[in-house]
Amino acid sequence: QVQLVESGGGLVQAGGSLRLSCAASGSIFRIDAMGWYRQAPGKQRELVAEITIGGTTNYADSVKGRFTISRDNAKNTLYLQMNSLKPEDTAVYYCNARTRFYVRWGQGTQVTVSS
(Lines give C-alpha, C1' and ligand atoms only; values in the text may rest on other atoms or scores of the structure.)
Protein backbone atom coordinates (compact mmCIF):
# COMPACT_ATOMS: atom_id res chain seq x y z
CA GLN A 1 0.00 0.00 0.00
CA VAL A 2 0.94 3.65 -0.40
CA GLN A 3 2.42 5.53 2.54
CA LEU A 4 2.64 9.33 2.64
CA VAL A 5 4.72 11.59 4.87
CA GLU A 6 4.35 15.38 4.75
CA SER A 7 6.93 17.94 5.81
CA GLY A 8 7.69 21.63 5.42
CA GLY A 9 4.97 23.22 7.50
CA GLY A 10 5.66 25.95 10.00
CA LEU A 11 4.95 29.47 11.13
CA VAL A 12 5.25 32.31 8.64
CA GLN A 13 4.13 35.91 8.45
CA ALA A 14 1.54 37.06 5.95
CA GLY A 15 3.11 37.52 2.54
CA GLY A 16 5.72 34.87 3.17
CA SER A 17 6.30 31.53 1.51
CA LEU A 18 6.52 27.87 2.43
CA ARG A 19 7.20 24.73 0.45
CA LEU A 20 5.48 21.54 1.52
CA SER A 21 6.77 18.12 0.56
CA CYS A 22 5.08 14.75 0.52
CA ALA A 23 7.22 11.65 0.22
CA ALA A 24 5.40 8.61 -1.11
CA SER A 25 6.44 5.01 -0.69
CA GLY A 26 4.95 1.60 -1.24
CA SER A 27 2.84 0.76 -4.27
CA ILE A 28 3.66 3.95 -6.14
CA PHE A 29 2.67 2.51 -9.49
CA ARG A 30 -0.94 2.34 -8.34
CA ILE A 31 -1.31 6.10 -7.82
CA ASP A 32 -3.60 7.85 -10.29
CA ALA A 33 -3.54 11.31 -8.75
CA MET A 34 -2.11 13.18 -5.80
CA GLY A 35 -3.19 16.33 -4.09
CA TRP A 36 -2.97 18.68 -1.18
CA TYR A 37 -5.89 19.28 1.13
CA ARG A 38 -6.22 21.43 4.19
CA GLN A 39 -8.41 21.52 7.25
CA ALA A 40 -8.82 24.29 9.78
CA PRO A 41 -10.29 23.57 13.23
CA GLY A 42 -14.05 23.16 13.02
CA LYS A 43 -14.04 23.24 9.23
CA GLN A 44 -14.37 20.59 6.56
CA ARG A 45 -11.29 19.33 4.81
CA GLU A 46 -11.00 21.03 1.44
CA LEU A 47 -9.03 20.55 -1.74
CA VAL A 48 -6.14 22.94 -2.24
CA ALA A 49 -4.56 21.50 -5.37
CA GLU A 50 -4.27 18.21 -7.18
CA ILE A 51 -2.32 16.73 -10.05
CA THR A 52 -3.19 13.65 -12.08
CA ILE A 53 -0.84 11.07 -13.52
CA GLY A 54 -1.27 12.85 -16.84
CA GLY A 55 -0.15 16.16 -15.38
CA THR A 56 -3.51 17.92 -15.22
CA THR A 57 -3.72 20.30 -12.27
CA ASN A 58 -6.63 21.79 -10.39
CA TYR A 59 -6.56 24.50 -7.75
CA ALA A 60 -8.98 25.93 -5.28
CA ASP A 61 -10.03 29.40 -6.36
CA SER A 62 -8.65 30.82 -3.14
CA VAL A 63 -5.08 29.75 -3.95
CA LYS A 64 -4.89 30.23 -7.71
CA GLY A 65 -1.93 32.36 -8.65
CA ARG A 66 -0.31 31.87 -5.25
CA PHE A 67 0.21 28.11 -4.87
CA THR A 68 1.83 25.69 -7.28
CA ILE A 69 1.59 21.91 -7.11
CA SER A 70 4.30 19.81 -8.68
CA ARG A 71 5.87 16.38 -8.45
CA ASP A 72 9.21 14.73 -8.89
CA ASN A 73 8.53 11.22 -10.09
CA ALA A 74 12.15 10.15 -9.69
CA LYS A 75 11.99 11.05 -6.00
CA ASN A 76 8.38 9.95 -5.50
CA THR A 77 7.72 13.33 -3.96
CA LEU A 78 4.86 15.80 -4.26
CA TYR A 79 5.36 19.50 -3.56
CA LEU A 80 3.23 22.51 -2.82
CA GLN A 81 4.91 25.87 -3.24
CA MET A 82 2.93 28.40 -1.24
CA ASN A 83 3.57 32.08 -1.92
CA SER A 84 1.90 35.26 -0.73
CA LEU A 85 0.49 33.42 2.25
CA LYS A 86 -2.53 34.83 4.03
CA PRO A 87 -3.83 34.23 7.55
CA GLU A 88 -6.79 32.37 6.05
CA ASP A 89 -4.35 29.79 4.69
CA THR A 90 -3.74 28.62 8.25
CA ALA A 91 -4.65 24.94 8.49
CA VAL A 92 -3.30 21.45 8.71
CA TYR A 93 -2.23 20.45 5.24
CA TYR A 94 -2.61 16.84 4.15
CA CYS A 95 -1.09 14.97 1.27
CA ASN A 96 -3.46 12.68 -0.59
CA ALA A 97 -2.95 9.86 -3.04
CA ARG A 98 -5.71 8.21 -5.05
CA THR A 99 -5.57 4.79 -6.61
CA ARG A 100 -8.18 2.86 -8.50
CA PHE A 101 -9.25 1.18 -5.27
CA TYR A 102 -8.54 3.45 -2.31
CA VAL A 103 -7.51 6.86 -1.05
CA ARG A 104 -4.50 7.34 1.22
CA TRP A 105 -3.79 10.29 3.51
CA GLY A 106 -0.64 11.53 5.16
CA GLN A 107 -0.49 12.56 8.80
CA GLY A 108 -0.66 16.27 8.04
CA THR A 109 1.63 19.23 8.59
CA GLN A 110 0.63 22.46 10.31
CA VAL A 111 0.83 25.75 8.45
CA THR A 112 0.26 28.88 10.48
CA VAL A 113 0.23 32.33 8.89
CA SER A 114 0.34 35.31 11.20
CA SER A 115 -0.92 38.76 10.29
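One can find the structure itself at the top, above this paragraph.
As a starting point, this report considers the structure included with it. (Residues numbered from 1 in each chain as written. Predicted model: local features only at pLDDT ≥ 70, side-chain atom pairs only at ≥ 80, totals over all residues. Heavy atoms only, no water.)

Turning to the environment of T90, a few remarks are in order. Assignment of secondary structure puts T90 in the loop between β8 (77-82) and β9 (91-99). Looking at T90, the relative accessible area reads 25%, which means it is partly exposed. A C-alpha to C-alpha distance of 12 Å links T90 and Y37, two positions 53 residues apart in sequence. Excluding residues within four positions of it along the chain, T90 makes contact with A40, Q110, V111, T112 and V113. Here P87 takes part through its backbone oxygen, which lies 2.9 Å from a polar atom of the side chain of T90. (Helix = DSSP H or I, 4+ residues; strand = E, 2+ residues; numbered from the N terminus. Buried < 20%, exposed > 50% of the residue type's maximum accessible area, 1.4 Å probe, protein only. Contact = heavy atoms within 4.5 Å. Polar contact = N/O pair within 3.5 Å; in protein donor to acceptor, adjacent residues only side chain to side chain.)

Here we take up the side chain of S21. One can find S21 in strand β3 (residues 18-25). Using a relative accessible area of 18% as the deciding quantity, one classes S21 as buried. S21 has contacts with V5, E6, S7, W36, T77, L78 and Y79, leaving out every residue within four places of it along the chain.

Once that is clear, we can look at unusual backbone geometry. Despite not being glycine, N76 shows a phi value in the positive range, around 55°. Within the secondary structure, N76 is located in the loop between β7 (67-72) and β8. The phi torsion at S84 lies on the positive side, around 50°, for a residue other than glycine. Summarising the element assignment, S84 is placed in the loop between β8 and β9. For S84, a relative accessible area of 42% gives the class partly exposed.

Here the focus is the packing of aromatic side chains. The tally for this structure, following the rule as stated, stands at 2 aromatic pairs. Measuring from ring centre to ring centre gives 4.9 Å for Y37 and W105, while their planes differ by 75°; the resulting arrangement is edge-to-face. With a gap of 68 residues between them, Y37 in strand β4 (residues 31-39) and W105 in strand β10 (residues 103-105) connect regions that are remote in the sequence. With a relative accessible area of 34%, W105 lands in the partly exposed category. One aromatic cluster is present, built from ring pairs that chain together Y37, Y94 and W105. (Phe/Tyr/Trp six-rings, centres within 6.5 Å; stacked < 30°, edge-to-face > 60°.)

Take the state of the cysteines next. If you walk through the whole model with that rule in mind, you get 1 disulfide. Note that C22 is cross-linked by a disulfide to C95, the S-S spacing being 2.0 Å. Judged by the sign of its S-S torsion, about -80°, the cystine formed by C22 and C95 is left-handed. One end of the pair, C22, is in strand β3; the other, C95, is in strand β9, with 73 residues separating them in the sequence. Considered together, C22 and C95 belong to a single accessibility category, that of buried residues. (Disulfide = S-S within 2.5 Å.)

Taken in spatial order, the 4 strands of this open sheet run β1-β3-β8-β7, and their pairing is antiparallel. In this open sheet, the two strands that pair with only one neighbour each are β1 (3-7) and β7. Ignoring strand direction, the axes of neighbouring strands in this sheet form an average angle of 15°. As paired elements, β3 and β8 share 6 bridges and run antiparallel to each other. (Pairing = 2+ DSSP bridges. Axes fitted to C-alpha atoms, helices over the stretch in contact; angles between N-to-C directions.)

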